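# Topology and contacts: notes
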Amino acid sequence: MIRTVEAPPHMSAPVLAAYSYCEAITGQQARNFAYGIRLLPTPKRRAMSALYAFSRRVDDIGDGTLAPDVKAVRLEDTRALLARVRDRSVDEDDTDPVAVALSHTADHFPVPLDGLDELIDGVLMDVRGETYETWDDLKVYCRCVAGAIGRLSLGVFGTEPGARGAERAPEYADTLGLALQLTNILRDVREDAEDGRTYLPADDLAKFGCSAGFDGAYPPAGSDFAGLVHFEVRRARALFAEGYRLLPMLDRRSGACVAAMAGIYRRLLDRIEREPEAVLRGRVSLPGREKAYVAVRGLSGLDARHVSRRTIRRRA
């Protein structure tokens, strides 16, 4: 069982300012993520913002315009900062607010900071321009950049006392991260192609005649692009189904946060499935009112209860 230690209600002005900085970054840049974490109590929301702000810094280095060798140096500098956080050598008055907030989070929640090392490893794979032959190859990348975030988040959420099967919670959190990342890959296939990146496995692309890539608003001539998308959607749905087994193990508000974030991505997946070629014409997204509905649904516990009933039926 993973238990959390709630942050104290009072904290120093520098730490509070550091968290405020991280929350501002999260609110400005994490559209889907922000809808979920606003459902959390303040200590957990702040902790999640600190994790996001550090992760955003890593992602921004990888997505930026610097030369690959410079990116690699910057990422290793960020890894060195993470080592300082891990060693508890970041003072409250440090000039880096993300480091201050992350250090405070690590002091009060059992977050596995090695997950942020994995994130850096995953972004280095992007910097090196790696491609993936098979789904098993792509899973390694997805576990670094998304599964690790799921496990880090679980360190903030914790599991409910007496939750059945809680020893598998990190596995389910990791799998849910894979589901979200595969949805991201499908949504961003055109944008990634324009940046010279291909994430979908080469053997899947070949199977559906899409090895030529996606450099325009239409699929490659003679390809079965819809077939490719539907194939990957089925894979993502299977990952969601497995990862959702985490929900009954969480407290109500943590479960609502996870259900909201995952629910938004599942609805994105529905839209992509209905109109596969839309991802080649622009980014598929949900309107704010639909995201709000998903958040309310998560807070109501409907998804967690549905998963609980389905799990009980399987065991019966």
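Placed above this text is the structure.
Please read all numbers here as calculations on a predicted model, not as lab measurements.

### Some details on the overall build of the protein chain
For the protein chain, the helix and strand inventory stands at 15 helices and zero strands. Looking at the protein chain as a whole, 52% of its 316 residues are labelled buried. The contacts of the protein chain with a sequence gap of at least 6 include a subset with a gap of at least 24, amounting to 74%. Surface exposure of the protein chain reaches about 14300 Å², of which carbon and sulfur atoms provide 51%.

### A look at the pattern of salt bridges
In total, this model carries 29 salt bridges according to the counting rule given. Where Lys 44 meets Asp 251, a salt bridge forms, and the shortest distance between an N and an O atom there is 2.9 Å. Here the residue Lys 44 occupies a position in helix H3 (residues 42-63), and Asp 251 occupies one in the loop between helix H11 (225-243) and helix H12 (252-274), the gap between them amounting to 207 residues. For the pair Lys 44 and Asp 251, one class covers both residues: buried. The partner of Arg 281 in a salt bridge is Glu 275, with the nearest N and O atoms 2.4 Å apart.

### Digging into the packing of H3 against helix H5 (residues 97-108)
Two numbers describe how H3 lies on H5: the axes approach to 9 Å, and their chain directions differ by 135°. In terms of their interaxial angle, H3 and H5 are classed as oblique. The crossing of H3 and H5 is left-handed. Residues Ala 47, Ala 50, Leu 51, Ala 53, Phe 54 and Arg 57 of H3 lie in contact with H5, whose contacting residues are Val 98, Ala 101, Leu 102 and Thr 105. Partitioning the contact of H3 with H5 into residue classes produces eight nonpolar, one polar and one charged.

### Digging into unusual backbone geometry
Positive phi, normally seen in glycine, also occurs at Arg 88, with a value near 60°. With respect to the element layout, Arg 88 can be found in the loop between helix H4 (68-86) and H5.

### Observations regarding the packing of helix H1 (residues 13-29) against H5
Packed helix pairs are specified by the crossing angle of their axes together with the interaxial distance, meaning the distance between the axes. Look at H1 against H5: their axes get within 8 Å of each other, and the N-to-C directions meet at 105°. By the angle between their axes, H1 is roughly perpendicular relative to H5. Touching Pro 14, Val 15, Ala 18, Tyr 19, Tyr 21 and Cys 22 of H1 are Pro 97, Val 98, Val 100, Ala 101, His 104 and Thr 105, all from H5. The residue inventory of the contact of H1 with H5, partitioned by class, reads ten nonpolar, two polar and no charged.

### What about the side chain of Arg 56?
One can find Arg 56 in helix H3. In this view, Arg 56 contacts Ile 25, Gln 29 and Asp 63; residues no more than four positions away in its chain are not counted.

### Remarks on the packing of aromatic side chains
Two aromatic rings are characterised by how far apart their centres lie and by the angle between their planes. On inspection of all chains with the given rule, the structure shows six aromatic pairs. For the pair Tyr 132 and Tyr 199, a centre-to-centre distance of 6.5 Å together with 10° between the ring planes defines the contact as stacked. In this pair, Tyr 132 is assigned in the loop between helix H6 (114-127) and helix H7 (135-157) and Tyr 199 in the loop between helix H9 (189-194) and helix H10 (202-207), connecting sequence segments 67 residues apart. Each member of the pair, Tyr 132 as well as Tyr 199, carries the same accessibility label: buried. Following the ring pairs from residue to residue traces out a cluster consisting of Tyr 132, Tyr 141 and Tyr 199. Between Arg 266 and the ring centre of Tyr 244, over which it is positioned, the NZ or CZ distance is 4.9 Å.

### Notes on H6
In a regular helix each residue adds 1.5 Å, so 14 residues correspond to 20 Å; H6 covers 20 Å between its end C-alpha atoms and thus fits that length. Every buried residue of H6 is accounted for by Gly 115, Leu 116, Asp 117, Leu 119, Ile 120, Gly 122, Val 123, Leu 124, Met 125, Asp 126 and Val 127. Turning to H6, the residues buried within the fold contact H3, H4, H5 and H7.

### Section: H11
The terminal C-alpha atoms of H11 lie 27 Å apart, and with 19 residues this matches the ideal 27 Å at 1.5 Å per residue to within 8%. The complete set of buried residues in H11 reads Phe 225, Gly 227, Leu 228, Val 229, Glu 232, Val 233, Arg 235, Ala 236, Leu 239, Phe 240 and Gly 243. On its buried face, H11 is in contact with H7, helix H8 (169-187), H10, H12 and helix H13 (278-281).

### Things to note about the environment of Ala 13
Relative to the assigned elements, Ala 13 resides in helix H1. The spatial distance from the C-alpha of Ala 13 to the C-alpha of Glu 92 is 9.0 Å, given a sequence separation of 79 residues.

The rules we used
Residues numbered from 1 in each chain as written. Predicted model: local features only at pLDDT ≥ 70, side-chain atom pairs only at ≥ 80, totals over all residues. Heavy atoms only, no water. Helix = DSSP H or I, 4+ residues; strand = E, 2+ residues; numbered from the N terminus. Buried < 20%, exposed > 50% of the residue type's maximum accessible area, 1.4 Å probe, protein only. Contact = heavy atoms within 4.5 Å. Areas by Shrake-Rupley, 256 points an atom, 1.4 Å probe, with all protein chains shown as cover. Salt bridge = Lys/Arg side-chain N within 4 Å of Asp/Glu carboxyl O. Axes fitted to C-alpha atoms, helices over the stretch in contact; angles between N-to-C directions. Parallel < 35°, antiparallel > 145°, perpendicular 65-115°, else oblique. Left-handed = near helix turned anticlockwise from the far one by under 90°. Nonpolar A, V, L, I, M, F, W, Y, C, P; charged D, E, K, R; others polar. Phe/Tyr/Trp six-rings, centres within 6.5 Å; stacked < 30°, edge-to-face > 60°. Lys NZ or Arg CZ within 6 Å of the ring centre and 35° of its normal. Expected span 1.5 Å × (residues − 1).

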